[in-house]
Amino acid sequence: MKVTVDEEKCCGAGQCVLIAPEVFDQRDDDGIVILLEAEPGEEQHAAVREAAAVCPAAAIELTGRD
Amino acid sequence: MAPPTPEVTHPEDVLIVGASAGGLAVAEALRRKGYRGRLTVVGAEPHPPYDRPPLSKQVLSGAWEGERTHLRSRDDLDRLEAEFVLGDPATGLDAAAREVRTASGRVLRADAVVLATGLTALRLPGQDDLAGVHVLRTLDDALALRRDLTTADELVVVGEGVLGAEIAATARGLGTGVTLAGLGDAVMGDHLGGLVGGMLTRLHAGRGVRLRLGVAARSLTGEDGRVTGVLLASGEWLPAGAVVVATGSRPAVGWLAGSGLTLGDGVECDARCRAADGVYALGDIASWHHEGLGRRLRLENRTNAVEQAQVVAANLLGEDRPYVPVPYFWTDQYDVKIQAHGFLTRDAQVDVVEGAPEENRFVARYTVGGQVTGVLGWNMAKAARLHRRSLAEAFTPEKPHA
């Protein structure tokens with residue numbers, strides 16, 4: 001699984017950090033997403049999928065089969 | 001009356017009515033959870049699923065072309081293995097038979113039906129007879145307003161809520177003259193309370209928006225079929241080359257009359273978002289019992305549509321999950337980004353807990369009756385999210401000793 005984030009779309013909700021704090025963080029100044037782990041381990045996949053699904057700005061994209 | 005027992009077997013086919021963020025999210029969540037049955041998604045608009053929050057901002061400003069709002073690529077939609085029936089509004093439902101009729105005459109039946117038809121914008125009397133008067137709900141609405149803003153020198157926005165405020169900010173950014181008129185006494189005061197409403201009002205005034213607050217729009221004026229202005233209840237006439245009516249919305253449930261469902265403020269559902277056996281609702285149209293609050297709730301925001309979709313998908317597949325979210329929305333106006341968690345009502349006591357309004361950067365905590373009910377970030381998104389946990393008590397069910 002590869003994760004990419006679109007900083008221009010990100011609205012700073014922080015839902016992704018609540019769901020997958022080991023993969024996502026937010027910048028202190030404007031709250032925009034920081035991707036901590038572009039190829040997260042398998043144990044993170046379910047949380048990352050949920051984060052991508054509920055991102056209110058549709059700013060998280062997942063590629064790869066697993 | 002006890003709610004019906006959830007079905008433990010998976011449905012063989014699921015019909016989703018509504019092809020926006022919520023409808024797409026429930027389809028994707030079903031597949032992610034391993035559902036392999038048939039999926040049909042019916043949408044009123046001809047477009048593939050797209051995102052609405054950018055319509056009043058990036059699309060209206062011209063920063064994005066319309067296609068950038070599409071939520072998924074063509075390939076992603078193909079991989080979903082769902083049949084999309086687009087440009088064909090649903091016109092009727094028989095809830096007991098789980099049968100949906102559409103404008104083109106289709107009759108679709110499924111084991112389970114999910115209702116996600118969103119909102120219909122309110123309109124002013126006579127507006128459909130005048131060119132240059134807009135609502136902003138769909139992508140086509142946004143593109144039509146954008147075209148008018150390229151020629152109109154003066155825009156009147158009716159409605160001081162979040163949509164009216166965002167449209168005013170975007171139009172000012174394009175150099176258009178803007179008058180914002182609304183019933184409330186402060187911009188977004190009904191949603192964010194007096195302190196922040198006052199700050200937003202000053203923000204818009206400082207950017208050159210003429211404000212007419214606390215006054216109703218009485219009627220539209222026109223000439224040769226085109227709008228010329230808005231007449232206020234105060235007697236003042238506001239000249240306009242274009243007008244946006246952003247006075248609110250209603251759940252799009254007109255097509256559900258006679259369906260057998262209970263329609264109140266939207267489609268009435270139980271705590272599991274179930275409206276009837278095998279019929280679920282989500283997003284703007286769903287009024288459900290929030291077990292944490294102990295009362296019925298309906299939310300109109302983007303986050304709610306996709307979060308509720310996760311719960312509906314789980315319950316469709318035999319789980320038994322109540323939907324107990326902390327409400328959240330955001331708004332961007334000029335260089336201000338606001339994050340709103342929970343309820344930010346006028347009656348709340350508002351305390352600044354981090355940063356300072358004078359620094360254009362703060363977090364405010366909203367308290368009602370000793371309980372924290374809301375957290376707002378003004379250019380302080382991360383800090384606001386960290387304060388969100390103080391809301392847990394107000395929104396969590398099963399307070400054992402309460």
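Residues numbered from 1 in each chain as written. Chains lettered and ligands numbered in written order. Predicted model: local features only at pLDDT ≥ 70, side-chain atom pairs only at ≥ 80, totals over all residues. Heavy atoms only, no water.

- Per an unreviewed UniProt entry, the recorded name for chain B is Reductase C-terminal, and the organism is Nonomuraea pusilla.
- Its UniProt record gives chain B the following Cofactor (unreviewed entry) comment, quoted word for word: "FAD". (UniProt positions renumbered as here; feature names shortened; annotations may be inferred.)

- Chain A has the name Ferredoxin in an unreviewed UniProt entry, where Nonomuraea pusilla is given as its organism.
- For chain A, the Function (unreviewed entry) comment in UniProt is given as "Ferredoxins are iron-sulfur proteins that transfer electrons in a wide variety of metabolic reactions."

1. A look at the overall build of chain A
Thought 1: Regarding its fold elements, chain A presents 2 helices and 4 strands.
Thought 2: Mapped from its N terminus to its C terminus, chain A presents α and β elements in the order β-α-β-β-α-β.
Thought 3: In terms of overall size, chain A behaves like a compact globule, its C-alpha atoms giving a radius of gyration of 11 Å where 66 residues would be expected to give roughly 11 Å.
Thought 4: Considering chain A as a whole, with its 66 residues, one finds that 45% of them fall into the buried category.
Thought 5: Expressed as a percentage of contacts within chain A between residues at least 6 apart in sequence, the contacts between residues at least 24 apart total 55%.
Thought 6: With the model as given, the accessible surface of chain A reaches about 3200 Å², and the carbon-plus-sulfur share is 44%.
Thought 7: Seen as two clouds, the 5 positive and the 15 negative side-chain charges of chain A have centres 9 Å apart. (Helix = DSSP H or I, 4+ residues; strand = E, 2+ residues; numbered from the N terminus. Rg over C-alpha atoms; globule rule 2.2 N^0.38 Å. Buried < 20%, exposed > 50% of the residue type's maximum accessible area, 1.4 Å probe, protein only. Contact = heavy atoms within 4.5 Å. Areas by Shrake-Rupley, 256 points an atom, 1.4 Å probe, with all protein chains shown as cover. Lys, Arg positive; Asp, Glu negative; His and termini not counted. Charge placed at Lys NZ, Arg CZ, Asp CG, Glu CD.)

2. Some words on the environment of D265 of chain B
All names here are of chain B.
Thought 1: Among the secondary structure elements, D265 is positioned in the loop between β18 (263-264) and β19 (266-268).
Thought 2: Considered as a pair, D265 and R298 are 33 residues apart in the sequence and their alpha carbons are 7.7 Å apart.
Thought 3: Those residues in contact with D265, other than ones at most four positions away along the chain, are P251, S287 and R298.
Thought 4: A polar contact of 3.0 Å, which involves the side chain of D265, links it to the side chain of R298. (Polar contact = N/O pair within 3.5 Å; in protein donor to acceptor, adjacent residues only side chain to side chain.)

3. Considering the domain arrangement of chain B
Residues and elements named next belong to chain B.
Thought 1: Each domain of chain B was delimited in the assignment, giving domain 1 (13-120 + 250-316), domain 2 (123-247) and domain 3 (335-395).
Thought 2: Put simply, the middle of domain 2 and the middle of domain 3, counted by C-alpha atoms, are 28 Å apart.
Thought 3: Each partner contributes to the interface: domain 2 provides 12 residues, whereas domain 3 provides 14 residues.
Thought 4: With both chains or domains summed, domain 2 and domain 3 bury close to 1000 Å², and 65% of this area falls on carbon and sulfur atoms.
Thought 5: Ranking the residues of domain 2 by area buried against domain 3 places L192, L195 and M199 at the top, with a combined share of 42%.
Thought 6: The tally of links from domain 2 across to domain 3 stands at 3 salt bridges.
Thought 7: The interface formed by domain 2 and domain 3 contains 4 residue pairs in polar contact (both at pLDDT 80 or more).
Thought 8: Class assignment for the residues of the side of domain 2 that touches domain 3 results in 6 nonpolar, 3 polar and 3 charged. (Domains from an automatic or database assignment. Buried area = accessible area lost by both parts, 1.4 Å probe. Salt bridge = Lys/Arg side-chain N within 4 Å of Asp/Glu carboxyl O. Nonpolar A, V, L, I, M, F, W, Y, C, P; charged D, E, K, R; others polar.)

4. Looking at the packing of aromatic side chains
Residue and element names in this part refer to chain B.
Thought 1: Counted under the stated rule, the structure contains 4 aromatic pairs over all chains.
Thought 2: On the numbers, 4.8 Å between centres and 45 degrees between planes, the contact of W288 with Y323 is tilted. You can see W288 sitting in strand β22 (residues 286-290) and its partner Y323 sitting in the loop between α7 (302-316) and β24 (328-333), a full 35 residues away along the chain. The same class applies to W288 as to Y323, namely buried.
Thought 3: Judged by centre distance (5.5 Å) and plane angle (40 degrees), the ring pair of F343 and F395 falls under tilted. Taken together, the residues span a long stretch of sequence, with F343 in the loop between β25 (336-342) and β26 (349-356) and F395 in helix α9 (residues 392-395) at a distance of 52 residues. Take F343 and F395: they sit in the same class, and that class is buried.
Thought 4: Its guanidinium or amino end placed over the ring of W64, R68 lies 4.5 Å from that ring's centre, counting from NZ or CZ. (Phe/Tyr/Trp six-rings, centres within 6.5 Å; stacked < 30°, edge-to-face > 60°. Lys NZ or Arg CZ within 6 Å of the ring centre and 35° of its normal.)

5. Section: the pattern of salt bridges
Thought 1: Per the stated rule, a full pass over the model turns up 31 salt bridges over all chains.
Thought 2: E83 of chain B is the salt-bridge partner of R38 of chain B, the closest N and O atoms lying 3.6 Å from each other. With R38 of chain B in strand β2 (residues 38-42) and E83 of chain B in strand β3 (residues 83-85), this pair connects stretches of sequence that are 45 residues apart.
Thought 3: Taking relative accessible area as the criterion, R38 of chain B reaches 52% and is therefore assigned exposed.
Thought 4: Since its relative accessible area comes to 39%, E83 of chain B is described here as partly exposed.
Thought 5: Here E300 of chain B ties to R298 of chain B by a salt bridge, and the two come within 3.1 Å at their closest N and O atoms.
Thought 6: What makes E300 of chain B partly exposed here is its relative accessible area of 39%.
Thought 7: A single network of salt bridges, built from pairs that share partners, joins D6 and E8 of chain A together with R68 of chain B.

6. Describing unusual backbone geometry
Thought 1: Of note in the backbone geometry, C273 of chain B takes a positive phi value of approximately 70 degrees without being a glycine.
Thought 2: Position of C273 of chain B relative to the elements: it lies in the loop between β19 and β20 (274-276).

7. Notes on the environment of E65 of chain B
Thought 1: For E65 of chain B, the position within the fold is in the loop between α2 (58-61) and α3 (74-79).
Thought 2: Spatially, the C-alpha atoms of E65 of chain B and D277 of chain B are 42 Å apart, while their sequence positions differ by 212 residues.

8. A short note on the sheet that holds strand β4 (residues 90-94) of chain B
Residue and element names in this part refer to chain B.
Thought 1: Taking strand neighbours across the sheet as the criterion, the 3 strands line up as β4-β5-β6 in an open arrangement whose pairing is antiparallel. The open sheet is flanked by β4 and β6 (107-109), the only strands paired with a single partner. Taken over all neighbouring pairs, the strand axes of this sheet differ in orientation by 20 degrees on average, direction set aside.
Thought 2: With 3 bridges joining them, strand β5 (residues 99-102) and β6 adopt antiparallel strand pairing. (Pairing = 2+ DSSP bridges. Axes fitted to C-alpha atoms, helices over the stretch in contact; angles between N-to-C directions.)

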